[in-house]
Amino acid sequence: MEALLISTGVVALAEIGDKTQLLAFILAARFKKPLPIVAGILCATLVNHGLAGVLGAWITAALRPEVLRWILGASFIGMAIWTLIPDKIEEEETQVAKKLGVFGATLVTFFLAEMGDKTQIATVAMAAHYSNPLLVVAGTTLGMLIADVPAVFVGDKLASKIPMKLVHSIAAGIFALLGVATLLGAGKELGF
């Protein structure tokens with residue numbers, strides 16, 4: 001249950017102000033069709049984070065526990081630093097909608113925007129850290145929805161009221177704590 005709760009909270013916080021949340025704002029403002037946008041976010045996230053979860057589980061099986069501990073600890077600390085850097089969205093990521101419709105555009109643009117994004121990397125790291133990648137993927141997907149669904153429904157009105165620096169600082173702090181705890185051996189009961 002810890003894997004689900006921590007991955008949900010960390011990704012929900014990390015996603016606030018992230019480029020995929022900005023993409024949700026843009027798509028919602030442009031198309032004003034929240035249900036296909038939310039469905040596209042859900043499907044894209046399940047596929048993207050599912051692949052990340054598989055990679056995380058593979059890394060756990062492929063690396064020696066002591067090597068994995070250092071890689072995971074450094075990854076979490078790297079995520080803490082990366083979380084403090086605000087994302088921008090590029091307009092061409094939203095142009096795909098003209099050909100695929102609202103659901104298809106959201107599915108493709110969210111999937112592509114998440115490739116190599118901090119929440120995908122966090123999913124890999126947490127799936128490697130926890131012994132249950134399915135709970136991690138469920139948690140990271142839920143975290144994405146917690147952050148992005150309100151963006152779809154309330155758009156820019158909500159964005160201007162959220163203290164982004166504070167939210168990013170909290171998420172960075174959680175990643176840093178996970179990194180330090182991992183480096184200090186918090187995962188010994190999991191084998192690393």
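Everything numeric in this text was worked out from a predicted model, so none of it was measured.

**Student:** Teacher, can you tell me more about the overall build of the chain here?
**Tutor:** Of regular secondary structure, the chain possesses 8 helices and 0 strands. Listing each helix as α and each strand as β along the chain from the N terminus yields α-α-α-α-α-α-α-α. A total of 192 residues make up the chain; the buried ones form 46% of that total. Expressed as a percentage of contacts within the chain between residues at least 6 apart in sequence, the contacts between residues at least 24 apart total 90%. When the accessible surface of the chain is summed, it comes to about 9100 Å², and 74% of that surface belongs to carbon and sulfur atoms.

**Student:** When you look at helix H6 (residues 118–129) in this model, what are you seeing that I'm missing?
**Tutor:** Residues lying three or four places apart along an α-helix face the same way, a consequence of the helix completing one turn every 3.6 residues. Taking 1.5 Å per residue as the helical rise, H6 with its 12 residues ought to reach 16 Å, and the 16 Å between its terminal C-alpha atoms agrees with that figure. For H6, a buried count of 11 out of 12 residues is recorded, marking the element as mostly surrounded by other parts of the structure. The set of residues buried in H6 consists of Lys 118, Thr 119, Gln 120, Ala 122, Thr 123, Val 124, Ala 125, Met 126, Ala 127, Ala 128 and His 129.

**Student:** Before we go on, may I ask you to explain the packing of helix H3 (residues 34–62) against H6 in this structure?
**Tutor:** Helix-helix packing: each pair is described by the crossing angle between the helix axes and the interaxial distance. For the pair H3 and H6, the least separation of the axes is 7 Å and the interaxial angle reads 40°. Between H3 and H6, the angle falls in the class oblique. Read as a crossing pair, H3 and H6 show a hand that is right-handed. Facing Asn 48, His 49, Ala 52, Gly 53, Leu 55, Gly 56, Ala 57, Ile 59 and Thr 60 of H3, the residues of H6 in contact are Thr 119, Gln 120, Thr 123, Val 124, Ala 127 and Ala 128. Looking at the contact of H3 with H6 residue by residue, the classes come out as 7 nonpolar, 8 polar and no charged.

What counts, and at which threshold
Residues numbered from 1 in each chain as written. Predicted model: local features only at pLDDT ≥ 70, side-chain atom pairs only at ≥ 80, totals over all residues. Heavy atoms only, no water. Helix = DSSP H or I, 4+ residues; strand = E, 2+ residues; numbered from the N terminus. Buried < 20%, exposed > 50% of the residue type's maximum accessible area, 1.4 Å probe, protein only. Contact = heavy atoms within 4.5 Å. Areas by Shrake-Rupley, 256 points an atom, 1.4 Å probe, with all protein chains shown as cover. Expected span 1.5 Å × (residues − 1). Axes fitted to C-alpha atoms, helices over the stretch in contact; angles between N-to-C directions. Parallel < 35°, antiparallel > 145°, perpendicular 65-115°, else oblique. Left-handed = near helix turned anticlockwise from the far one by under 90°. Nonpolar A, V, L, I, M, F, W, Y, C, P; charged D, E, K, R; others polar.

Everything listed here is a matter of geometry and, on its own, says nothing about what the molecule does.
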